[in-house]
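# Commentary on secondary and tertiary structure
Residue strings, one per chain:
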Amino acid sequence: MASPTRTGRLQRAPENFISPELAGDIARHGLDEARRGFLRNSFKAAGAALAAGAGTAAWAQNAAGAGDQMILEPRPWTTSLGKPVAAAPYGMPSRFEANLQRRESPGLTRVSAASVAFAPLQGFFGIITPNGLHFERHHQGWFDVDPSQHRFMVNGMVKQPRVYTMDDLMRLPSVSRIHFIECGANTGPEWGNAAVPTVQYTHGMLSCCEFTGVPLSVLLDDCGADLVKGKYVLAEGADGSSMTRTIPMEMALDDVMVAWGMNGEMLRPENGYPLRLVVPGVQGVSWVKWLRRIEVGDQPWNAKDETIHYVDLMPGGLHRQYTSIQECKSVITTPSGGQVLLDKGFYNVSGLAWSGRGKIKQVDVSFDGGRNWRTARLETPVLSKSLTRFNIDWTWDGSPVILQSRAMDETGYVQPRYGQLREVRGSRSIYHNNAIQSWKVAESGEVSNVHVE
Amino acid sequence: MSTSSKLRSWRGLGPAVFSLAAAALLAGGAVCAAPASAAADSAPGKFAGVGRAATPAEVAAWDIDVRPDFNGSFGESNEVFTPIAGGTTADDIKTGRVAALAGNTQPQRTTLMKVSTVSTLWDYVHRAMPWDAPKSLSTDEVYSVVAYILNLGEIVPSDFELSDKNIAEVQALMPNRNGMTTDHGMWRVDGKPDTRNTACMKDCVKEVKISSRLPDYARNAHGDIAAQNRVIGPVRGADTLGPPLAGKAGENAGPVRAHAWSTLALADAAKPGGAPGAEAPAAGAPAGAAAPDLAGARIVSATTCAGCHAVDRKMVGPGYRDIAAKYKDQAGAGEMLIQKIRKGGAGAWGPIPMPPNPAISDTDLKTVVDWILSGAPAAN
């Protein structure tokens, strides 16, 4: 090893143990006592890490001898110059967070242009979904639509059909509201049996953002919509599939928004830039992306995504149409399927609860497969048709257990068990599975997806 | 919403199902901004200076929807690749209920088993087909495609001429026309739920019965779950490329932590807690000097190529590795493939034509072809 105290020349350090900033600083200004100190500490830190041996443990608690080297030996980031501002003009997550990404479920769909990328719920905190990790569902691919070419039209049973540019829409009185969006097919692969390993794939067609836009009621009013004969609106997208969905007028006038903002910035292209419909409490397919048109009519449209797709097959062979409301549901995200508990002892069991019919009133958690339940803490804010974060203390004794969460919304409706849901809807519905999720914790610490009737 | 006067009838098995020329125009043509502000606003709205009246031509251009009452101008794709016809019987056409749906006797549900209204079929083809060039079919062609599908389902004879005059009669033959219900509580916010669970807190069930668990063979079906979880905190992801863990959690913690850390594949990953400085490669960049050149893979996965082609299997078009196997030793294969992708073609891989791709740059096109002919290496 080079001896920095004996020679004034900088020699090549092994494996980049010196930060580029320090190396540059020394190269420019030479070594003095202060810089020698930085350099010594860098080598000591690196040596300590190597001495700990491959595979063990910078993360683990280690108070052997005088104590933890991570405390006793100054870290390089404490003893050298950091990066300048705006080095990353659009900030990105730490490289240590790279595992948390949107992912497809292999074999679920044939082509990626008509597929799903699931959000990594297992890594989220609180209720807001980071924009880059919002789940994706496209029916005929996505575009980064040129906002200067985008137009929004209202027509049908209105006094005057009107056209708005983005400049027009963004001048209007706007509102900002936090709502969940869940695909009607979320948890769909699980109707018959346990099929996928982690909460990303069981529940990851779920996100929650603060959306900013103009209430649809303002635009309907501006066009003189016929609210006597007009019982429904049709929303239509500008993409190749020109997604269309029927929305009852009472919803359209209540809390539906024509939105451009998403968590403080514009919508991401994958989520409908520059304009999408926000239909709080209703399945994601109705939140039409790249929204180009609203038509007012007196009957539902029976669109392709209302009779060929997004219909729920019942045991007798009938399909339910217009199943829109996402009923009360919850899931534990930590710990969850595919994760490993590192030891027995204390854990903060954490999860998400939501209802398309309003606020979450209560979440109960069972640690014995549903025999007994304890009420969890609801973290603020608790908002209507939004995700709500719940937490509950748990000390694991190391024996096998089954964890479940069960949510109740403000209407008093309680999330059903699998047996209750299948008794009514069978197991081929595909859509609207809001059953209680079970996670089995083995003695080994591994958590797996199981179904409990 | 008004019925178009452009409607014509069309023989069921018309020859030109897909209009390649129209597809090419749609794929390559530039779209100009509409002269929105130029239109005079005869009916100002409630917000001064915001929005304007839509012209009749504009409404006609976009108001393409057709309702089951045939109100409109006639004319998911996630299931584009499931069969359209099949699973329906002559009895179903009489009853309007597809019997196979109740019996669960079909491996999958075809479009004709589900669709209740012929208007929807027309609207679907008109607005969203063909897959890579939606809205490129003429009105006649839409009728032709719909009639062809109905004939495949033995709903109309092969010489049937579908038109706006007789489409209502065809509705009376749709096999699943009586197969839909809105009698449920999930359409309106005050609807009645199906289930009535209670918030029982103590001794709620006698026996906890696990009815289903993930089979062992599916353990690695989603790759290494350790690489899909955070590398700090109360838990790690399990190494699902290996067997399930045995023993007790505390004994497994060391290897579990070490494996989780290794999934980041950082330059300094072997030394957890080692000094920073070595920058992680940019997202998506190949890791390590020996990694194959995946620039071509990144281009095809980010463009419309992905709509029809996969690396290792046939989808709509051939897999990239099959293309490589066929042409890799052929002189001039690179230039031939460049021309084929640029201009489109048909016949080399079956009846489905390859559309032209005028939008891809020369540089990207060469990168893609070089990548294909190098055997189409994938990231993992």
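Located above this text is the structure these notes cover.
## Points about the interface of chain A and chain B
On the chain B side, the residues contacting the 138 residues of chain A number 118 residues. Looking at the side of chain A that touches chain B residue by residue, the classes come out as 56 nonpolar, 54 polar and 28 charged. Examined bridge by bridge, strand E14 (residues 319–320) of chain A and strand E4 (residues 180–181) of chain B share two bridges and lie parallel to one another. Bridging across to E4 of chain B, His319 of chain A finds its partner in Met180 of chain B.

## Digging into helix H13 (residues 362–373) of chain B
Residue and element names in this part refer to chain B. Taking 1.5 Å per residue as the helical rise, H13 with its 12 residues ought to reach 16 Å, and the 16 Å between its terminal C-alpha atoms agrees with that figure. Within the sequence span of H13, burial applies to Val368, Val369, Trp371 and Ile372. On an axial view of H13, the arc spanned by its buried residues comes to 160°, and they lie on one face. Exposed positions of H13 whose direction lies more than 90 degrees from the buried face are Asp362 and Thr363. Elements in contact with the buried residues of H13: helix H10 (295–301), helix H11 (320–327) and helix H12 (333–343).

## With respect to the sheet that holds strand E23 (residues 438–441) of chain A
The antiparallel open sheet is built from six strands, whose spatial order is E19(A)-E18(A)-E22(A)-E23(A)-E24(A)-E5(B). The open sheet is flanked by strand E19 (374–375) of chain A together with strand E5 (210–213) of chain B, the only strands paired with a single partner. Across four bridges, strand E22 (residues 401–409) of chain A lies against E23 of chain A in antiparallel orientation. Residue pairing for E23 of chain A: Ile402 of chain A is matched across the bridge by Lys440 of chain A.

## Section: helix H9 (residues 249–262) of chain B
In this model H9 of chain B runs 20 Å from its N-terminal to its C-terminal C-alpha over 14 residues, within 8% of the 20 Å that 1.5 Å per residue would give. The sharpest bend along H9 of chain B measures roughly 30° and falls at Pro255 of chain B. Residues of H9 of chain B that are buried sit in contact with strand E16 (339–341) of chain A together with strand E6 (235–237) of chain B.

## Quick notes on the environment of Ala435 of chain A
Residue and element names in this part refer to chain A. Considering the arrangement of structural elements, one finds Ala435 in the loop between helix H9 (418–425) and E23. For the pair Ala435 and Val331, spaced 104 residues apart in sequence, the C-alpha separation works out to 9.4 Å. When sequence neighbours within four positions are dropped, the list of residues in contact with Ala435 reads Pro416, Arg417, Tyr418 and Leu421.

The rules behind these values
- Residues numbered from 1 in each chain as written.
- Chains lettered and ligands numbered in written order.
- Predicted model: local features only at pLDDT ≥ 70, side-chain atom pairs only at ≥ 80, totals over all residues.
- Contact = placed C-beta atoms within 7 Å.
- Nonpolar A, V, L, I, M, F, W, Y, C, P; charged D, E, K, R; others polar.
- Pairing = 2+ DSSP bridges.
- Helix = DSSP H or I, 4+ residues; strand = E, 2+ residues; numbered from the N terminus.
- Expected span 1.5 Å × (residues − 1).
- Buried ≥ 20, exposed ≤ 12 C-beta atoms within 10 Å, placed from the backbone.
- Arc of directions from axis to C-beta.
- Bend = angle between axes of the 7 residues up to and from the residue.

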